[in-house]
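Chains, contacts and geometry: an overview
The primary structure of each chain is shown beneath.
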Amino acid sequence: MLLGIASLVFFIIHIAPGDPLDMLINQYQRNVPSPETIEAFRIKYGLDQPIHIQYFKWLQNCLAGDLGESFRYHRPVTTLITERIPFTIQLTFLALLFDALFGILLGIISAVKQYTLTDKIISVGSLIIYSIPGFWLALMLILIFSVNLGWLPLSQTRSLDYDLLSGVDQFKDRLMHLILPVFVLGIASAASTARYLRSRLLEVLNEEFILAARARGIKEKAVIFSHALKNALIPIITIYGMSLPFLLGGSVLIESIFSWPGMGSLAIEAVQNRDYPLILATTMMGAILVVLGNLLADIMYAIVDPRVSYDT
Amino acid sequence: MTFRKLHNRVILIIGLLFIFNISCKRNIKLKTAANDKLIISYIGDERIFHQDYWGMESTYWIFLPLVKNVGDERGEIQAVLAESWTRSDDYRTWTVQLRKDIYWHDGVQMTAKDIKFSIDLRKKVTGFEGNYNCELIDEFSFRLTTIKPISNLDTWDVYYPKHLLENLDPENYYDWDFWVNPVGNGPYKFVRDVPKTMVEVEVNPNYFGKQPKIKSAILKFSSTPSLQELLSGNVDVLTYAPRDFLFKIEGDNRFKSYHWWGSWAQSILWNHNNPLFKDASVRKALTLAINRVELSEVLNYPKNIPITDVLSTRAQRSKYDLSKPLPFDPEKATKLLNDSGWSDTNNDGILDKNGIDFSFTVTLQGQDKLMAIYIQNNLKSIKIGMDIETIEGNIIRQQLEKNDFDAIITRFPNSELGVERIKTYFNKDSQIGYYNREIDSLFNIIENTGDKNEIDRLYKKLVPIFERDIPITFIVPQVQTHIVRSDIKGLSNLFNADPVWSLESLWIE
C-alpha cells in the first residue's frame with residue numbers, strides 16, 4: 001500500500017506542469033542564475049533523466065532508507081523530517097488526548113443528562129464548535145488570548161529565552177505554547193466525539209443487557225462506565241484510528257497559523273517549492289500514519305471487545 | 001422565568017460582553033522597547049546565515065562581501081572587504097587588495113586565502129564552475145578572473161573562514177554545524193539560537209567599520225508574516241509584510257511602513273504571435289488605457305514609486321534617470337485603436353475588426369487578481385474585453401515556453417543583472433513572439449561589456465525602441481514592504497527600506 005501511494009504521488013508530481021528548478025530562479029532573484037547553472041542543477045538532481053529512470057532510482061534509494069536530498073534545503077530529507085516530526089507528534093498526540101478526554105466526558109454527561117439544560121448546552125455547543133472553521137477559531141483565540149490579553153504566546157513552540165530558562169520553566173514554557181494549537185486542533189474532533197458518543201451511549205443504555213444490569217441492582221455509575229461505555233466506545237476507537245491522518249492534515253493549517261515548525265509546514269513548503277523528494281517523503285509519512293492508525297484501531301478493537309480475535 | 005434561569009442568562013450575557021470587549025481592545029503598549037535591541041519577525045530557521053541555504057539579507061550581518069551597493073540614490077559601489085582594486089581593460093581580470101584589519105569573530109585575521117577557499121568551496125559543493133577563478137598574489141591580495149566581463153566586483157557572495165572549515169567534509173556542506181553557530185567577520189556576531197524559534201546576534205566589538213547603534217538583534221522565525229506579532233508587541237519589525245497589512249495599521253502611529261524598490265516589475269507580456277497584439281499602436285493604446293498611477297494607489301504602493309515603459313539599469317533607477325511613461329489617456333487610446341481599424345460595428349460594447357472581437361484572456365497568479373480586475377475595468381472603458389484566468393506560477397512559465405497564451409501578467413526582471421534571461425524575450429526564439437534585431441544585438445553587446453557607463457549608454461539606446469514598440473507593458477515595479485516601530489530610525493523608502501539589510505545603520509529614538 002505504501003509503495004502504491006508513493007509511486008502514485010511520484011508520477012502525479014512529475015506529470016504536473018512546472019519545473020522544480022523554477023524555485024532556484026526565485027531563490028536567487030538578486031543574482032539571477034544562468035541557464036548553464038540551472039542545467040547543472042538539473043544534472044545534479046537527476047532531473048535530466050527520463051521519468052521511469054528517475055522512478056527506479058528513487059525506489060532503489062528509498063528501499064535502502066535514503067529518501068534523497070531536498071532541492072530547497074540541499075539537506076537529506078530524513079534529517080529534515082527528523083528535525084520536524086517531534087513537533088507534529090507532540091501536537092497531534094496532545095490534540096488526540098484532548099479530544100479523548102473532553103469528547104468522551106462531554107458525551108457521557110450529555111447522554112446521562114438527556115434532555116436537560118446541560119445536555120442542550122453540550123449538544124448545541126458542540127454543534128457550533130464543530131461548524132466553526134479551525135483557522136477562524138485559531139485567529140480569534142490568538143486575538144483574544146495573545147494579542148489583547150497577552151496570556152498565551154501567539155506562535156512558535158518555545159519562547160525566545162527558552163535556552164536561558166530552568167528545566168521547570170522550560171516545561172511550563174512548552175506547555176503554554178501548546179495550549180492554543182492543541183485546543184484548536186482538538187476541539188472540533190472533541191465536539192464530534194461528544195455528539196457521536198452521546199447518540200451511541202443512548203442506544204446502548206436502552207438495550208436489554210443494561211436493563212438486566214440495573215435489575216441486578218448494579219449501581220448506575222457502574223452500569224454506565226463498566227457496561228454501557230465499554231460497548232459505546234467500540235466504534236469510537238475505530239474513529240480515533242482513522243482520525244490520526246485527519247489530525248495530521250488539520251495540523252498543516254494550524255502549524256501554518258501558529259508558526260509551528262512541524263511536518264505540516266514542511267509539507268506546505270515542499271509543495272510550494274516543488275521539492276520532489278520532500279513531497280514524496282511527507283506523503284509517505286502521511287501514508288504510514290494511515291496504516292498505523294488502522295493498525296492501532298484494530299488492536300484497540302480487540303482489546304475492548306473480547307469477541308474480536310485476529311488469531312485465524 | 002426562575003431566578004436560576006435568569007441568573008444563567010445574565011452570566012452568559014456578561015461573558016459574551018467580556019469576550020466582545022477583549023476582542024475589540026486596541027493600542028496595546030509595545031513590550032519590546034529596548035533602546036539598542038531589535039526583535040525582527042523573519043522567515044527562516046537557525047541556518048539563516050548560510051547564504052547558499054536561505055540567501056537572505058541577514059547573511060551580511062555575520063559575513064561580508066568584497067563590495068556592496070550603497071543603499072541610496074547614488075547607486076554606487078562601496079568597498080567592504082576590498083580596500084582597493086584594479087581591472088583589466090576587458091573587465092575580466094580584477095586584482096583586489098584586501099583590508100588588513102579584518103578579523104574573524106574568533107580573533108583570527110582574515111586573509112586572501114579565505115577568499116580563495118570560499119570561491120573554491122562554492123564551486124566544489126554546487127558542482128558547477130561558477131563565475132570566478134581566484135589566484136592568490138600574496139597574503140592580502142588576489143586576482144579574480146571571470147568568464148564574462150563584469151562591471152563591478154561581486155556584491156553578493158560572502159566569504160568564510162578557511163581555518164574553521166578546511167577540514168570539514170564538503171559532502172556535508174549544508175549540514176555543517178558551522179551554519180548554526182557561524183563565525184564571520186561582519187558587524188554582528190552570533191550569540192545563541194533556539195532551534196526553529198530564533199537566533200540572536202550582538203555587535204562585533206572588533207568590527208573594522210563604524211560600530212552599529214543597535215547593539216543586539218533577534219530574528220524571530222515565522223512561517224508567514226504575522227501582523228499579530230507586531231500588534232502584540234512581540235516583535236519590533238515585520239519584514240516582507242503583505243501590503244494589505246498597511247490598511248490594518250493605517251492611522252496607528254506606533255508603526256511606520258517602508259517600501260523597497262526592486263528591480264523586477266509586474267508586467268503584461270503580450271503574445272505578439274496573436275493577431276490582436278501584432279500592431280505596436282494597439283499595444284500602445286492598451287498601455288495608454290491603463291491608469292497605472294491610480295492602480296499603484298489601489299495596490300497601496302508608495303506615492304512616489306516610479307512607473308516606466310522602458311528597461312533600465314540599477315544606476316539609472318537609483319538616479320531616477322528614467323523616461324516619462326505613457327500617460328493615462330483613454331481617449332488617445334480609443335483614437336489609436338480606431339486608426340488601426342478597430343471599432344464597435346455591432347454595438348455589443350466590444351471593438352471588432354473584420355468580424356473578430358477584441359477580446360482576450362490574461363493569465364496570472366492568484367495574488368495579482370486585484371491588479372487584473374482593475375486593468376479589466378480600464379480596458380472595458382475603451383471597449384476591450386479581457387477575461388482573467390488564475391493559474392499556478394509554474395504553469396504560466398510553461399505557457400510562456402510554449403507561446404500558448406494571449407497575455408500574461410507576471411514579474412519581469414527589469415535589470416541589467418538578468419540580461420541572459422531578459423534577452424530571451426527579444427531574440428529569435430522569443431517567448432512572447434517579439435523579435436527585434438536591434439534589441440537583440442544591443443543585448444549581445446551589453447552581455448559582453450563590463451563598462452558600467454557603456455551599459456547605461458546602451459540601455460539608453462533601448463529606450464526609443466521600447467517607447468515606440470511597447471513590446472511589454474510594465475505596470476508597477478516590484479515593491480517589498482517592511483513595517484517597523486515608528487521610533488526606529490534610519491530607513492527611507494525605495495532604496496534603504498529593508499531593516500535587515502540596513503540594521504547596522506539604524507537607531508532607536
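Residues numbered from 1 in each chain as written. Chains lettered and ligands numbered in written order. Predicted model: local features only at pLDDT ≥ 70, side-chain atom pairs only at ≥ 80, totals over all residues. Heavy atoms only, no water.

Let's shift gears to the pairing of strand E15 (residues 359-364) of chain B. Residue and element names in this part refer to chain B. Here E15 pairs with strand E16 (residues 385-390) via 6 bridges, running parallel. Its bridge partner lying in E16, Thr 361 is registered against Asp 387. Pairing geometry for E15 and strand E17 (residues 407-413), over 2 bridges, is parallel. Counted as the bridge partner of Thr 363 is Ile 408 from E17. (Pairing = 2+ DSSP bridges. Helix = DSSP H or I, 4+ residues; strand = E, 2+ residues; numbered from the N terminus.)

Now for unusual backbone geometry. One non-glycine residue with positive phi stands out, namely Gln 156 of chain A, at about 70°. Structurally, the position occupied by Gln 156 of chain A is in the loop between helix H7 (134-148) and helix H8 (167-205). Residue classification places Gln 156 of chain A among the buried positions, given a relative accessible area of 2%. In the Ramachandran plot, Asn 300 of chain B falls in the positive-phi region, its phi being about 65° despite a non-glycine side chain. Relative to the helices and strands, Asn 300 of chain B resides in the loop between helix H8 (292-298) and helix H9 (314-318). (Buried < 20%, exposed > 50% of the residue type's maximum accessible area, 1.4 Å probe, protein only.)

Considering soluble globular proteins, one finds that nonpolar side chains tend to be buried as a cluster. Core analysis: the biggest nonpolar cluster contains 96 residues, and Phe 49, Trp 61, Leu 66, Leu 81, Ile 115 and Leu 144 of chain B have the highest contact counts within it. Discounting chain neighbours no more than four positions away, the residues touching Ile 115 of chain B are Leu 66, Leu 81, Leu 98, Met 110, Cys 134, Phe 142 and Tyr 159 of chain B. (Core = buried A, V, L, I, M, F, W, Y, C linked by side-chain atoms within 4.5 Å. Contact = heavy atoms within 4.5 Å.)

This part takes up the domain arrangement of chain A. A common way to report how large an interface is uses the accessible area buried once the components associate. All names here are of chain A. Under the domain assignment, chain A is made up of domain 1 (2-63) and domain 2 (77-304). Computed from C-alpha atoms alone, the centre-to-centre distance between domain 1 and domain 2 is 36 Å. Of the residues lining the interface, 16 residues belong to domain 1; the matching set on domain 2 comes to 10 residues. Ranking the residues of domain 1 by area buried against domain 2 places Leu 2, Ile 13 and Pro 20 at the top, with a combined share of 42%. Counting across the interface, domain 1 meets domain 2 through 0 salt bridges. (Domains from an automatic or database assignment. Buried area = accessible area lost by both parts, 1.4 Å probe. Salt bridge = Lys/Arg side-chain N within 4 Å of Asp/Glu carboxyl O.)

Here we take up the packing of aromatic side chains. Residue and element names in this part refer to chain B. Going through the model one piece at a time under the given rule, you end up with 39 aromatic pairs over all chains. When the centroid spacing of 5.8 Å and the interplanar angle of 55° are considered together, the rings of Phe 412 and Phe 474 count as tilted. Within this pair, whereas Phe 412 is found in strand E17, its partner Phe 474 is found in strand E18 (residues 472-485), the two being separated by 62 residues in sequence. Take Phe 412 and Phe 474: they sit in the same class, and that class is buried. An angle of 75° between the planes, with centres 5.4 Å apart, marks the rings of Phe 426 and Phe 466 as edge-to-face. In this pair, Phe 426 is assigned in the loop between helix H13 (419-422) and helix H14 (437-447) and Phe 466 in helix H15 (residues 452-469), connecting sequence segments 40 residues apart. An identical accessibility class is assigned to Phe 426 and Phe 466; each is buried. One aromatic cluster is present, formed by Phe 412, Tyr 425, Phe 426, Tyr 434, Phe 443, Tyr 459, Phe 466 and Phe 474 through successive ring pairs. (Phe/Tyr/Trp six-rings, centres within 6.5 Å; stacked < 30°, edge-to-face > 60°.)

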